[in-house]
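# Structure assessment
So you can see what is in the structure, the chains are spelled out below.
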Amino acid sequence: MKSDMEEQTQNSGWRGSSDVWLGAAYDALLETGVDGVKIQPLAKRLNLSRTSFYWFFKDRQELLDALIAQWRDKNTGNLIKQTEAYAETITEAMLNIIDCWLMPDLFDAKFEFAVRSWSAQSPNVLAEIEHADQQRLDALAQLFARFGLNEAMADVRARTLYLVQIGYISMQSSEDVATRMKRIPAYVETFAGKPPQQRELDRFYARHNYSASM
């Protein structure tokens, strides 16, 4: 039996929006995996009728495709943008990349984990992952090449930088902010081959509202 609120919502003519349905699908993917991204459970989650879904998406597959597009645009798109961000030195460029790992608005690690988990069930999603990995690695290698590294070294450093973070995500490794921030200078030196300058670290810490004295 429907509650008064359910009847009011479903009789009001409001069907949600594509963003509302996509947001619910995103939440379900992160919470329960792709098997939880189904129309009826999403409708229940949103307190909307099942038929409302079809005003915005042809079918479930179109919704899943929209999720992949959102992941691609956010995580791959923003990582590539960070490789192109202004940097005077290679160490500053590394800090621009590390911004991704600390700022969910730039790179959504939980979304990344969910899509990588989904790829175990879908050859098409696995192909998307493989394509994204190559795009990201190419962009990182190009970054290193701009700072004078030869092709082989640029490739290896790109892989070192990228695969360390994918390892963090895949293992669902958890660090408190202070611990991770204290490791940043050593990570930068490992990736860049030289330590960051203090003024670069100061700017980095400032944009993350972190004090080295914490």
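A brief look at the structure comes next. The structure displayed is predicted, hence computed values, not measured ones. (Residues numbered from 1 in each chain as written. Predicted model: local features only at pLDDT ≥ 70, side-chain atom pairs only at ≥ 80, totals over all residues. Heavy atoms only, no water.)

## Things to note about the side chain of aspartate 133
Its place among the elements puts aspartate 133 in helix α7 (residues 123–146). Residue aspartate 133 is classed as buried on the basis of its relative accessible area of 18%. Here the side chain of aspartate 133 touches tyrosine 162 through a polar contact of 2.5 Å, side chain to side chain. The residues touching aspartate 133, leaving out its near neighbours within four places in the chain, are Arg116 and Tyr162. (Helix = DSSP H or I, 4+ residues; strand = E, 2+ residues; numbered from the N terminus. Buried < 20%, exposed > 50% of the residue type's maximum accessible area, 1.4 Å probe, protein only. Polar contact = N/O pair within 3.5 Å; in protein donor to acceptor, adjacent residues only side chain to side chain. Contact = heavy atoms within 4.5 Å.)

## Quick notes on the packing of aromatic side chains
The full count for this structure, using the stated rule, is nine aromatic pairs. Seen from their ring centres, tyrosine 187 and phenylalanine 191 are 5.8 Å apart, and the 10° between their planes marks the pair as stacked. In this pair, tyrosine 187 and phenylalanine 191 both sit in helix α9 (residues 177–192), four residues apart, roughly one turn of the helix. Counting every residue linked through ring pairs, the aromatic cluster contains Trp21, Phe53, Tyr54 and Phe57. Across from the ring centre of tryptophan 55, 3.6 Å away, lies the NZ or CZ of arginine 15, which sits over that ring. When the ring centre of tyrosine 168 is taken as origin, the NZ or CZ atom of arginine 180, which lies over that ring, is 4.1 Å away. (Phe/Tyr/Trp six-rings, centres within 6.5 Å; stacked < 30°, edge-to-face > 60°. Lys NZ or Arg CZ within 6 Å of the ring centre and 35° of its normal.)

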